[in-house]
Structures are given as structure tokens and as C-alpha cells.
Amino acid sequence: MVIRGSCHCGNIGFTLEWAGDPAKIPARACGCTFCTRHGGVWTSHPGSRLAVKIADEALVSRYEFGTRTATFHVCARCGVPPLVTSDIDGRLHAVVNVNCFEDVDPSRLDRALASFEGESVEQRLARRKRNWIADVRFL
Ligand SMILES: [Zn+2]
């Protein structure tokens, strides 16, 4: 399955190649203060591949907070964060925002609340390594 997505104005676009054709796509509404404010709802699959294309690099704001182990790529023009990346053991991992999907029926999204509070940095990175997209390219 190929999923395309972008921020609202199209400056940050992505193509997600998801192995197989899942009936349901997990969508985690993260309860952290950034995601609550932005409505960030994230998905990933460790066997999937992500290609990110940015039209104007000057219009991307990269935001980090807390443990500073994750980078939110926010469009500086329209304010939408289509993806988050995390560098784990020298390899870039990512999750994408399901609210940025262009061609997925919303009924396929299996939405759930997620809270990652209380994790240590080690636990957090280990979880991302297990679950996040591990094949990430910026074109
Ligand atoms: Zn934008």
C-alpha cells in the first residue's frame, strides 16, 4: 500500500510504502503537550519505507523539546507537522501524521489515545526502534 500525505500548503510531502494492505492502520493520538496542541496523530510500521520531499527548506521549522530525541518537522507556512524523526543509533526513524494523509479512508484508521509519559529515554528510544519507520529518506 502506498500512502501519500502532506502539510496543508504542500511544502512538506511524503510517500509511505506500507508492506501489505492492512485493514486497519494504527493511529496514536499522542497526549504530549505538543501533539495535544497540534492535533498530532501518528502512525508507523517498522517494515514500511518513507520518502519525504520538501519544496522550500527555508519554510520548515524543526522543533525539539523535552528529551530532545525527536524532531518535529513543522511547515512554517501553514503550521502543520506532517512527521517526526528520531536519530537512533545513527539511523533515522520516523512517524507520520495520519491527519496529513491524502488518500486513506478515515474508517481505516484505528484511532487510540497514547501516553508515553514516565518512559526513560532508553525505553523511549527502544520503543521507537521497534515501532517507528526505519527506512527514511529525504529526497
Ligand atoms: Zn505547509
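In what follows, the structure referred to is the one given above.
Now for a quick tour of the structure. Quantities reported herein were computed from a predicted structural model and do not represent experimental measurements.

Rules and cut-offs
Residues numbered from 1 in each chain as written. Predicted model: local features only at pLDDT ≥ 70, side-chain atom pairs only at ≥ 80, totals over all residues. Heavy atoms only, no water. Pairing = 2+ DSSP bridges. Helix = DSSP H or I, 4+ residues; strand = E, 2+ residues; numbered from the N terminus. Donors = N, O, S within 2.8 Å, 3.2 Å for Na, K, Ca; no water. Tetrahedral: all angles 85-135°; square planar, octahedral: opposite > 155°, others 65-115°. Buried < 20%, exposed > 50% of the residue type's maximum accessible area, 1.4 Å probe, protein only. Polar contact = N/O pair within 3.5 Å; in protein donor to acceptor, adjacent residues only side chain to side chain. Contact = heavy atoms within 4.5 Å.

Another point: the pairing of strand β1 (residues 2-6). Direction of pairing for β1 relative to strand β2 (residues 12-17): antiparallel, over a ladder of five bridges. Opposite G5, over in β2, you have F14 as the bridge partner. Where β1 folds back on β2, the antiparallel hairpin that results is connected by five residues, among which G10 adopts a positive phi of roughly 90°.

Turning our attention to the coordination of the zinc ion. Donor atoms from the polypeptide that bind the zinc ion are C7 (SG), C9 (SG), C75 (SG) and C78 (SG), placed at 2.3 to 2.4 Å. If you look at the zinc ion, its four donor atoms make angles of 103 to 120° with each other, and the shape they trace is tetrahedral. Here the donor residues of the zinc ion share one chain and are spaced in sequence as C-x1-C-x65-C-x2-C. For C78, a relative accessible area of 27% corresponds to the partly exposed category.

Of note in the backbone geometry, R68 takes a positive phi value of approximately 55° without being a glycine. For R68, a relative accessible area of 56% corresponds to the exposed category. Positive phi values are uncommon outside glycine, yet D89 reaches one of about 50°.

What follows is about the side chain of T69. Assignment of secondary structure puts T69 in the loop between β6 (60-63) and β7 (71-75). In this structure the side chain of T69 is engaged in a polar contact, spanning 2.9 Å, whose partner is the side chain of T67. Engagement of the side chain of T69 in a polar contact is seen with the side chain of R128, the distance being 2.8 Å. In this view, T69 contacts T85, S86, D87, V121, R124, L125 and R128; residues no more than four positions away in its chain are not counted.

By themselves, these observations are geometric and do not establish any function.
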